[in-house]
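Summary of the model geometry
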Amino acid sequence: MPLQQDTSLEDPYIYSDITEPDTIRLIRLEPSPNLESELRCSLIQENIHHCQDDTDKHYTALSYVWGDASDRRHITIDGKSLSITASLHCALRHIRDPNHPSTIWADGVCINQASSLDRNSQVSMMGSIYKTAHRTLIFLGTSTPASDEVMAKIRIKTPGIARPEFYEMVETHILSQPWFTRVWTLQELVLSKNPLLQMGTVRMDWETFSRLKTLDYVQRIFDLHVIRRSYQIYEDVSHGITTPTGFLSSMLKIRRGSGVSDPRDMIFGHLGLCPPAQKAAVQSRIPVDYGKSVTELYEAVAHQIILDEKGIALLADVESVPLEERRTGLPSWVPDWT
């Protein structure tokens, strides 16, 4: 369900509609050396193509986890108040530059979450938004002395990182963060040209962090690295995929059960990863539309996959649970991808 505008705020921020094509909103975040100081910013509209070509319009995309949508904070935009999730509030405070204004894209501010039309339009552009960003900051959450130690050892190539006990530290303090299990974060990582990992105020580039892929037991990092590299160089990304929805079907099987706040995002969060040769065809068959219910969307996706494959192999993906335990209203032949 789309979030409703928070009417409890004394002077709430009202979004201006986006009327021009290929246009996104960007946050101009005011600097502060104080982590706890109030978040103040302005919200501007820019043509995404201009952001790629004009260095003065470069922006940082934020990748984070929404967390508890009922846990709210506020940010001041052009003197008005906007309610955002506590997790986004925390991320913006930690990535804010102490001395200079920052230009940032973050979905919880740059998309009008109370408008299905705005969500439809902007979510369909998210692949391009992360591709165009000068860099992407992956914010895992606040840090601890233990997580700072782990990040430092990875960054300086400490020899001990090859030991199993170090992996336990990585698992406990880094990989246990919700970011590694959410649906949207895969697209955000894969499509970003310069992703950086940040926990608290400690930051490192993704390539440094992904050194851990060489360790046999860090399968999760290895999988993320392989998907990212494969997409970048188009090596076998669509190998064996002969139908427009074939790649989406494969991703849904691989990523089934990943975390989503809105079950519809299990579909929408993977559309941007479809190979370029099939992306337009897939998005014409399965457009981003938050006006559809979960049942309507999942049924439409299953129907399209069956039509494209000219067969019923999809039925093998239907979960083996008693009918009364299935999602209410979902037909028996449609998989529940969550």
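Note that the coordinates shown come from a computational prediction; the quantities given were computed from them, not determined experimentally.

Following both chains from N to C, one finds helix H6 (residues 145–155) and helix H7 (residues 164–175) inclined at 125 degrees, their axes separated by 9 Å at the closest point. The orientation of H6 relative to H7 falls into the category oblique. At the point where H6 passes H7, the crossing takes the left-handed sense. Residues Ala146, Ser147, Glu149, Val150, Met151, Lys153 and Ile154 of H6 lie in contact with H7, whose contacting residues are Phe166, Met169, Val170, His173 and Ile174. Class assignment for the residues of the contact of H6 with H7 results in eight nonpolar, two polar and two charged.

For the rest of this paragraph, the subject is the nonpolar core. Tyr59, Leu62, Trp105 and Phe209 are the most contacted members of the largest nonpolar core, which totals 92 residues. Among the elements that take part in this core, helix H14 (residues 294–309) stands out by supplying seven residues, more than any other.

The next subject is H14. With 16 residues, H14 extends 22 Å between its outermost C-alpha atoms, agreeing within 8% with the 22 Å of an ideal straight helix rising 1.5 Å per residue. Within the span of H14, buried status applies to Val294, Thr295, Leu297, Tyr298, Val301, Ala302, Gln304, Ile305, Ile306 and Asp308. Structurally, H14 contributes buried residues whose contacts are with helix H11 (246–254), helix H12 (265–271) and helix H13 (276–285). A positive phi of about 50 degrees marks Lys310, the residue just after H14.

With that settled, the discussion passes to the pattern of salt bridges. Per the counting criterion, the structure on display carries 14 salt bridges. Between Glu38 and Arg40 there is a salt bridge; the shortest N-O distance is 3.2 Å. For Glu38, a relative accessible area of 39% corresponds to the partly exposed category. When its relative accessible area of 37% is taken as the criterion, Arg40 is described as partly exposed.

This structure, assessed with the given rule, holds seven aromatic pairs. Ring centres 5.4 Å apart and planes at 50 degrees place the aromatic pair Trp206 and Phe209 in the tilted group. Here Phe209 and Trp206 lie together in helix H9 (residues 206–209), a separation of three residues that amounts to about one turn. Accessibility expressed as a relative area gives 0% for Phe209, which makes it buried. Plain terms: the ring middles of Phe268 and Tyr290 are 5.0 Å apart, the flat faces sit at 70 degrees to each other, and that makes the pair edge-to-face. Here Phe268 is found in helix H12, whereas its partner Tyr290 is found in the loop between H13 and H14, with 22 residues between them in sequence. In this structure, Phe268 and Tyr290 share a single accessibility class: buried. Through a chain of ring-to-ring contacts, three or more aromatic side chains come together here, namely Trp179, Phe180, Trp206 and Phe209. In this structure, Arg119 is placed above the aromatic ring of Tyr290, and the distance from its NZ or CZ to the ring centre is 3.9 Å.

Read from one edge of the open sheet, nine strands run S5-S4-S2-S1-S6-S3-S7-S8-S9, paired in mixed fashion. Because the sheet does not close on itself, it has two edges, and the strands there are strand S5 (80–85) and strand S9 (202–205). Across this sheet, the average inter-strand angle for adjacent strands is 40 degrees, counted without regard to direction. The pairing of strand S1 (residues 23–29) with strand S2 (residues 40–47) spans seven bridges and is antiparallel. Across the sheet, Leu29 pairs through a bridge with Cys41, a residue of S2.

About the criteria used
Residues numbered from 1 in each chain as written. Predicted model: local features only at pLDDT ≥ 70, side-chain atom pairs only at ≥ 80, totals over all residues. Heavy atoms only, no water. Axes fitted to C-alpha atoms, helices over the stretch in contact; angles between N-to-C directions. Helix = DSSP H or I, 4+ residues; strand = E, 2+ residues; numbered from the N terminus. Parallel < 35°, antiparallel > 145°, perpendicular 65-115°, else oblique. Left-handed = near helix turned anticlockwise from the far one by under 90°. Contact = heavy atoms within 4.5 Å. Nonpolar A, V, L, I, M, F, W, Y, C, P; charged D, E, K, R; others polar. Core = buried A, V, L, I, M, F, W, Y, C linked by side-chain atoms within 4.5 Å. Buried < 20%, exposed > 50% of the residue type's maximum accessible area, 1.4 Å probe, protein only. Expected span 1.5 Å × (residues − 1). Salt bridge = Lys/Arg side-chain N within 4 Å of Asp/Glu carboxyl O. Phe/Tyr/Trp six-rings, centres within 6.5 Å; stacked < 30°, edge-to-face > 60°. Lys NZ or Arg CZ within 6 Å of the ring centre and 35° of its normal. Pairing = 2+ DSSP bridges.

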